[in-house]
Amino acid sequence: MEIVKMTVKDMDEVLSMEREFFASPALLHPLDDETIKRTVRAACGGYSGFCGYLMKSGGETAGFGHISRYFESEVGGECVLLMDIYVKPEFRGQGIGSEYIKKITELFAEAKRFRLEAEPGNSRAIAMYERLGFRTLGYKQMCIDKE
């Protein structure tokens, strides 16, 4: 399995996978198509600090993931937020998600923390994250969404 950075030429393929992911039970709520398109444009190089990667297996696209980099005061250094990790159904159960996370942690080895979120009912993903060493943080996340 290899990972390659998303580019503008990948937009149509990525958009299709993103629509599947954002309509899945892995999220608390589905996203509208315009939000998905903005995310794909940003992941393909349109936003500093945010990028997307394709997971390739045998030359085929097996999935995607996004990362967002920021400074985390709690660890006094860079934090890499792993977001929207999606493996196509036909590639699941082959260790691709685990391998993707391992490769991202190697690629950003200078980071002090790797963080991710999981919908509470996504027990399969949570079990994988725990096997890889992730632990639950006790913070309650809060947000304000602006239109």
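Located above this text is the structure these notes cover.
Residues numbered from 1 in each chain as written. Predicted model: local features only at pLDDT ≥ 70, side-chain atom pairs only at ≥ 80, totals over all residues. Heavy atoms only, no water.

### Digging into the nonpolar core
- If you look at the biggest cluster of nonpolar residues, it comprises 22 residues, and the most contacted ones within it are Tyr53, Ile67, Leu82, Tyr100, Ile101, Ile104 and Tyr129.
- Breaking this core down by element, the ones donating at least two residues are strand S2 (50-57), strand S3 (60-72), strand S4 (77-87), helix H3 (96-107) and helix H4 (123-131).
- Setting aside chain neighbours within four positions, we find Tyr100 in contact with Met1, Ile3, Tyr53, Met55, Gly65, His66, Ile67, Leu82 and Ile85.
- Val14, Phe22, Ile36 and Cys44 belong to the second-largest nonpolar core, a separate cluster that totals 16 residues. (Core = buried A, V, L, I, M, F, W, Y, C linked by side-chain atoms within 4.5 Å. Buried < 20%, exposed > 50% of the residue type's maximum accessible area, 1.4 Å probe, protein only. Helix = DSSP H or I, 4+ residues; strand = E, 2+ residues; numbered from the N terminus. Contact = heavy atoms within 4.5 Å.)

### Some details on the sheet that holds S3
- Pairing in this open sheet of 5 strands is mixed, and the strands run S1-S2-S3-S4-S5 from one edge to the other. Only two strands of the sheet have a single partner each, and these edge strands are strand S1 (2-5) and strand S5 (113-116). Looking at each pair of strands side by side, their axes are set apart by 30 degrees on average, direction ignored.
- Here helix H1 (residues 11-22) sits on the sheet and contacts S2, S3 and S4; the angle it forms with S3, its principal contact strand, is near 75 degrees. (Pairing = 2+ DSSP bridges. Axes fitted to C-alpha atoms, helices over the stretch in contact; angles between N-to-C directions.)

### Details of the side chain of His66
- Mapped onto the elements, His66 comes out in strand S3.
- A relative accessible area of 0% means that His66 is categorised as buried.
- Polar side-chain contacts of His66 include one of 2.7 Å to the side chain of Glu18.
- Residues contacting His66, with those up to four places away along its chain left out, are Met6, Glu18, Thr39, Ala43, Phe50, Cys51, Gly52, Leu81, Leu82, Met83, Asp84 and Tyr100. (Polar contact = N/O pair within 3.5 Å; in protein donor to acceptor, adjacent residues only side chain to side chain.)

### Considerations on H4
- Along H4, the positions that sit buried rather than exposed are Ala125, Met128 and Tyr129. Mapping the buried residues of H4 onto a view down its axis gives an arc of 100 degrees, with all of them on the same face. Exposed residues lying more than 90 degrees from the buried face of H4 are Ser123, Arg124 and Arg131.
- Where H4 is buried, its residues contact S4, H3 and S5. (Arc of directions from axis to C-beta.)

### Overview of the environment of Tyr70
- In this structure, Tyr70 sits in strand S3.
- Measuring from C-alpha to C-alpha, the distance between Tyr70 and Gly49 comes to 7.3 Å, with 21 residues separating the pair along the chain.
- Setting aside residues up to four positions removed in sequence, Tyr70 forms contacts with Gly77, Glu78, Cys79, Leu81 and Arg115.
- Side-chain polar atoms of Tyr70 contact the side chain of Glu72, separated by 3.5 Å.

### Things to note about the pattern of salt bridges
- Scanning all chains against the criterion turns up 9 salt bridges.
- For Glu72, the salt bridge identified is with Arg115, shortest N-O distance 3.6 Å. Taken as a pair, Glu72 in strand S3 and Arg115 in strand S5 lie far apart in primary sequence, 43 residues in all.
- What makes Glu72 buried here is its relative accessible area of 12%.
- The shortest N-O distance in the salt bridge between Lys103 and Glu99 comes to 3.8 Å. Residue Lys103 and its partner Glu99 are located together in helix H3, separated by 4 residues, close to a single helical turn.
- By relative accessible area, Lys103 is classed as partly exposed at 24%.
- Taken together, the shared-partner salt bridges connect Arg19, Asp33 and Lys37 into one network. (Salt bridge = Lys/Arg side-chain N within 4 Å of Asp/Glu carboxyl O.)

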